[in-house]
2 protein chains.
Amino acid sequence: MFVILEGWAHRYKILPNGTRQVLAFLMPGDACDLHIGLLGEMDHSIQTLTNALVTTIGRDEIEKIFVDHPRIANAMYVSQLVDEGTMRAWITSMGRRTSIERVAHLMCELFIRARNIGLQTEPVFDLPLSQLLLADSLGMTAVHLNRVLKELRQENVMTLTRGCVSIVDIGKLIRIAGFDDNYLHRRIRAAA
Amino acid sequence: MFVILEGWAHRYKILPNGTRQVLAFLMPGDACDLHIGLLGEMDHSIQTLTNALVTTIGRDEIEKIFVDHPRIANAMYVSQLVDEGTMRAWITSMGRRTSIERVAHLMCELFIRARNIGLQTEPVFDLPLSQLLLADSLGMTAVHLNRVLKELRQENVMTLTRGCVSIVDIGKLIRIAGFDDNYLHRRIRAAA
DNA sequence: CGTCACGTTGAACATTCTCAACCCGAGTGG
DNA sequence: CCACTCGGGTTGAGAATGTTCAACGTGACG
């Protein structure tokens, strides 16, 4: 099992036709699934996006923790449930949000997650993700994403440049996204 | 925690604008998340789609099982990992497959899952899902889904009528979908 | 026999993609 | 120091895909 301490990574899948779908962005504190070793093979890939500091925890250590430290085990379960909630939110975005709503929603999510782990407090934060990568996570073309970002910029909602996001009007962003942070279970995560 | 013994159910989310996104279809043997009680609130809803037989397992019972029967606990983890793999496959479908590929992919998934739990063996099986519901799971309009189904029918791939799917050419269906069943981890699930 | 949910179809429209061109800043080799 | 290249990013125009709206069909059920 891996845990990211610093930097970013992502889960993704390459389809037979060569297109890519990003399934999740991993930030410091995020872990690969518990018990992934139980499955015979991986159904997707994981790769870092920046220089990153990653630690591994052996399987026997994990099992020891589960027995000896139920509160840590508990926190790990919760973290996994949050990951699942995030996947459900992504499915919802892909299925039932327009492109601009999807972009806004992802930005809200990344902003909240970055804030929760203390990466930043201002409405300006590092986002070391190329537009191509973001497009592959949002199920759209890099070209179209670029136009959507332009629109968000012109509407004075947010700007994305050189790996850095600046949120101008968070309220507007949330309104466009129809964002409800309950799936991130912030309070619980913060408590854990 | 709930387990479905007979019948179908689905997880779904209603957005502020009134649209619905189906997140998962639950068949006999499927369970709600372990430890869902750990989270303060649910980020989605669950509802049966047919008459169904559902059993509940109390939280203390679960914990007891986890301690006393590690192999059952193991099987439950695996089942949860399979559910996550399914969510990843859905994200991939929504993001990077055309509507006909998406429909074909879902049909492959439902067919394999139904076969795995012994619901049927022939390439004809009950599917008590309205086109509106299927459309809400595939991120498309019922109207468009209808046209896609028409195309699949005319191409002699499969037909869907009155709650019953008949797969005419499974090879063609798999080819259209670009379907790879590894995410369902059939062997492991079958073994568990 | 009326109603109601679901399925089917057509035509106009909107959204998103594709392809192609161009820009720009960061490295790199001459 | 300059020209070259290369990976993003940006823009335009036409084409494809999917939606919307509206009409009509059809079987189940009271």
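Per-chain numbering applies: the sequence of each chain, read as written, is numbered from 1 onward. Working convention: letters from A go to chains and numbers from 1 go to ligands, in the order in which they are written. Reporting in this predicted model follows two pLDDT cut-offs: at least 70 for local features of residues, and 80 or more for side-chain atom pairs to be given and counted; totals over whole chains, interfaces and linings ignore these cut-offs and use all residues. With hydrogens and water excluded, all non-hydrogen atoms of the structure serve as input to the side-chain values.

## Here's the deal with the packing of helix α2 (residues 70–96) of chain B against helix α3 (residues 99–116) of chain B
Residues and elements named next belong to chain B.
Here is step 1: Only C-alpha atoms enter the line fits that serve as axes; for helices the fit covers just the stretch in contact. Angles between N-to-C directions range over 0 to 180 degrees. The helix and strand labels rest on DSSP assignments: H or I over at least four residues marks a helix, E over at least two residues marks a strand, and numbering proceeds from the N terminus. Taken N-terminus to C-terminus, the directions of α2 and α3 make an angle of 160°; their axes are 9 Å apart at the nearest point. Classified by the interaxial angle, the pair formed by α2 and α3 is roughly antiparallel. The hand of the α2/α3 crossing is right-handed. The residues of α3 that touch α2, namely those facing T86, A89, W90, S93, M94 and R96, are E101, R102, H105, L106 and E109. Working definition: roughly parallel below 35 degrees, roughly antiparallel above 145 degrees, roughly perpendicular at 65 to 115 degrees, and oblique for all remaining angles. Here a crossing is taken to be left-handed if its near helix is turned anticlockwise relative to the far helix by less than a right angle, and right-handed if that turn runs clockwise. Here a residue-residue contact requires only that any non-hydrogen atoms of the pair lie within 4.5 Å.

## A look at the UniProt feature "domain: HTH crp-type" (unreviewed entry) in chain A
Here is step 1: According to UniProt, the "domain: HTH crp-type" (unreviewed entry) feature falls on residues 97–171 of chain A.
Here is step 2: Along residues 97–171 of chain A, the helical share is 55% and the strand share 15%, with 18 Å between the first and last C-alpha atoms. UniProt positions are given in the numbering used here, feature names are shortened, and annotations may be inferred rather than shown by experiment.

## Some points on the interface of chain B and chain A
Here is step 1: Each side of the interface is counted separately: chain B has 47 residues, and chain A has 47 residues.
Here is step 2: With both chains or domains summed, chain B and chain A bury close to 4,200 Å², and 61% of this area falls on carbon and sulfur atoms.
Here is step 3: Each of two parts loses accessible area, computed with a 1.4 Å probe, when they are put together; buried area is these two losses added. Area buried by chain B at its contact with chain A is led by R88, I91 and R96 of chain B, which between them contribute 19% of it.
Here is step 4: By definition, a salt bridge exists where a carboxyl oxygen of Asp or Glu is found within 4 Å of a side-chain nitrogen of Lys or Arg. Applying the counting criterion to the chain B and chain A interface returns 4 salt bridges.
Here is step 5: A salt bridge links R96 of chain A to D136 of chain B; the shortest N-O distance between them is 2.7 Å.
Here is step 6: Identification of polar contacts relies on pairs of N or O atoms within 3.5 Å, with a donor-acceptor requirement for protein atoms, meaning one able to donate a hydrogen and the other able to accept it, and with residues adjacent in sequence counted only if both atoms are side-chain atoms. For the pair chain B and chain A, the number of links is 14 residue pairs in polar contact (both at pLDDT 80 or more).
Here is step 7: Those elements giving two or more residues to the side of chain B that touches chain A turn out to be β3 (20–26), α2, α4 (131–138) and α7 (186–191) of chain B.
Here is step 8: Take the side of chain B that touches chain A: its biggest share by element is 16 residues, from α2 of chain B.
Here is step 9: Just so you know the grouping, Ala, Val, Leu, Ile, Met, Phe, Trp, Tyr, Cys and Pro go in nonpolar, Asp, Glu, Lys and Arg go in charged, and all remaining residues, Gly too, go in polar. For the side of chain B that touches chain A, the residue count by class is 22 nonpolar, 14 polar and 11 charged.

## Overview of the protein's contact with DNA strand D
Here is step 1: We call a residue near a molecule or strand as soon as one heavy atom of that residue lies within 4 Å of the molecule or strand. The environment of DNA strand D is formed by 15 residues, the closest being Q131, N146 and R147 of chain A together with S99 and R147 of chain B.
Here is step 2: Looking at DNA strand D alone, sugar and phosphate atoms form 67% of those within 4 Å of the protein.
Here is step 3: The side chain of R147 of chain A places a nitrogen or oxygen atom 3.1 Å from a base nitrogen of DNA strand D.
Here is step 4: Note that a phosphate oxygen of DNA strand D is positioned 3.3 Å from one of the backbone N or O atoms of T141 of chain B.
Here is step 5: Elements that contribute at least two residues to the surface near DNA strand D include exactly α4 (131–138) and α5 (142–154) of chain A together with α5 (142–154) of chain B.
Here is step 6: Per-element tally for the surface near DNA strand D: the top contributor is α5 of chain A, with 4 residues.
Here is step 7: Here the residues of the surface near DNA strand D sort into 4 nonpolar, 8 polar and 3 charged.

## As for the relation of the copies chain B and chain A
Here is step 1: Here the copies are matched by least squares. The fit uses the C-alpha atoms of residues with pLDDT of at least 70 in both. Expressed as a screw transformation, the operator carrying chain B onto chain A has a rotation angle of 180° and an axial translation of 0.0 Å, and the superposed copies differ by an RMSD of 0.1 Å. One copy is carried onto the other by what is essentially a two-fold rotation axis.
Here is step 2: A share of 100% of interface residues in chain B that are also interface residues in chain A marks the association as one of identical surfaces.

## Description of the protein's contact with DNA strand C
Here is step 1: Around DNA strand C lies a shell of 14 residues, among which S99 and H144 of chain A together with Q131, N146 and R147 of chain B are the nearest.
Here is step 2: When the atoms of DNA strand C within 4 Å of the protein are grouped by moiety, sugar and phosphate amount to 68% of the total.
Here is step 3: One of the side-chain nitrogen or oxygen atoms of S99 of chain A is found 2.9 Å away from a phosphate oxygen of DNA strand C.
Here is step 4: One of the side-chain nitrogen or oxygen atoms of R147 of chain B is found 2.9 Å away from a base nitrogen of DNA strand C.
Here is step 5: Where the surface near DNA strand C is concerned, the elements lending two or more residues are α5 of chain A together with α4 and α5 of chain B.
Here is step 6: No other element matches the 4 residues that α5 of chain B contributes to the surface near DNA strand C.
Here is step 7: Here the residues of the surface near DNA strand C sort into 4 nonpolar, 7 polar and 3 charged.

## Focus: the sheet that holds β3 of chain B
All names here are of chain B.
Here is step 1: Taking strand neighbours across the sheet as the criterion, the 3 strands line up as β3-β2-β4 in an open arrangement whose pairing is antiparallel. A strand with exactly one partner marks an edge of an open sheet, and here the two such strands are β3 and β4 (45–48). Ignoring which end each strand starts from, the neighbouring axes of this sheet average 30° apart.
Here is step 2: In this analysis, strands are considered paired if DSSP registers two or more bridges between them. As paired strands, strand β2 (residues 9–14) and β4 are joined by 4 bridges and run antiparallel to one another. Bridge pairing links A9 to T48 in β4.

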